[in-house]
Amino acid sequence: MRTTRAVNRHFQGMLLVEEGKKEEAKAQFRKALAEGQQVGRSHEMLGLLLLDEKDHEAAVEHLTAALAAGRTEGNIHLALGMALRELGRFEELEELARDLLANEADSSQGQDLL
């Protein structure tokens, strides 16, 4: 039951994003995280929303957590790099780019970060 509820919260959040209701969406993603499910996806969406709002510190926190949870699809690395750049955390940005370049499949994103 708990898993189903968390999945529903995550997808409700996605629908709210589509409707432009970002604050409500963030609340749903946070509830999904609190229930311990959809962790990677909810961190990713929160990170992207926070990046859009220029809350770069919180965006880095959530995007890093999404990567740690195994999320690698899409432009999550690029979003993390953008947040790190805005914060002036260039050493971490360079490390992220090097890691991406070491992985041939993601080399184009690594080049974009440099």
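Heads up: the structure comes first, above all this text.
Quick look at the structure, then.

Definitions and limits used
Residues numbered from 1 in each chain as written. Predicted model: local features only at pLDDT ≥ 70, side-chain atom pairs only at ≥ 80, totals over all residues. Heavy atoms only, no water. Helix = DSSP H or I, 4+ residues; strand = E, 2+ residues; numbered from the N terminus. Buried < 20%, exposed > 50% of the residue type's maximum accessible area, 1.4 Å probe, protein only. Contact = heavy atoms within 4.5 Å. Axes fitted to C-alpha atoms, helices over the stretch in contact; angles between N-to-C directions. Left-handed = near helix turned anticlockwise from the far one by under 90°. Nonpolar A, V, L, I, M, F, W, Y, C, P; charged D, E, K, R; others polar. Salt bridge = Lys/Arg side-chain N within 4 Å of Asp/Glu carboxyl O. Expected span 1.5 Å × (residues − 1). Core = buried A, V, L, I, M, F, W, Y, C linked by side-chain atoms within 4.5 Å.

**Details of the overall build of the chain**
(1) Moving on: When its secondary structure is counted, the chain shows 7 helices and 0 strands.
(2) Moving on: The order of helices and strands in the chain, counted from the N terminus, is α-α-α-α-α-α-α.
(3) Moving on: Residue burial in the chain is summarised as follows: out of 114 residues, 39% are buried.
(4) Moving on: Taking all contacts inside the chain whose residues are at least 6 apart in sequence as the whole, residues at least 24 apart take part in 43%.

**A look at the packing of helix α4 (residues 56-68) against helix α5 (residues 76-87)**
(1) Moving on: Where α4 meets α5, the closest approach of the two axes is 9 Å, and the angle between their N-to-C directions is 150 degrees. Relative to α5, the crossing made by α4 is left-handed. Side by side, α4 and α5 meet where H56, E57, A59, V60, L63, T64, A66 and L67 of the first sit next to I76, H77, A79, L80, A83, L84, E86 and L87 of the second.
(2) Moving on: Taken together, the residues that form the contact of α4 with α5 break down as 11 nonpolar, 3 polar and 2 charged.

**Things to note about the pattern of salt bridges**
(1) Moving on: Counting across every chain of the model gives 10 salt bridges.
(2) Moving on: Note that E35 and R9 form a salt bridge whose closest N and O atoms lie 2.9 Å from each other. Separated by 26 residues along the polypeptide, E35 in the loop between α2 (22-34) and α3 (39-52) and R9 in helix α1 (residues 2-18) bring together distant segments of the chain. Each member of the pair, E35 as well as R9, is classed as buried.
(3) Moving on: Here E53 and K26 are joined by a salt bridge, their closest N and O atoms 2.8 Å apart. Of this pair, E53 sits in the loop between α3 and α4 while K26 is found in helix α2, placing the two residues 27 residues apart along the sequence.
(4) Moving on: Taken together, the shared-partner salt bridges connect R5, R9 and E35 into one network.

**Digging into α3**
(1) Moving on: Taking 1.5 Å as the rise per residue, α3 with 14 residues should run 20 Å; its terminal C-alpha atoms sit 20 Å apart, in good agreement.
(2) Moving on: Turning to α3, its buried residues are G40, S42, H43, E44, M45, L46, G47, L49, L50 and L51.
(3) Moving on: Positive phi appears at K54, one or two residues downstream of α3, with a value of about 65 degrees.

**Comments concerning the nonpolar core**
(1) Moving on: A59, L63, L80 and L84 are the most contacted members of the largest nonpolar core, which totals 15 residues.
(2) Moving on: Those residues in contact with A59 that lie beyond four places of it in its chain are G47, L50, L51 and A83.
(3) Moving on: Formed by 7 residues, the second largest nonpolar core is a distinct cluster that contains L16, F29, M45 and L49.

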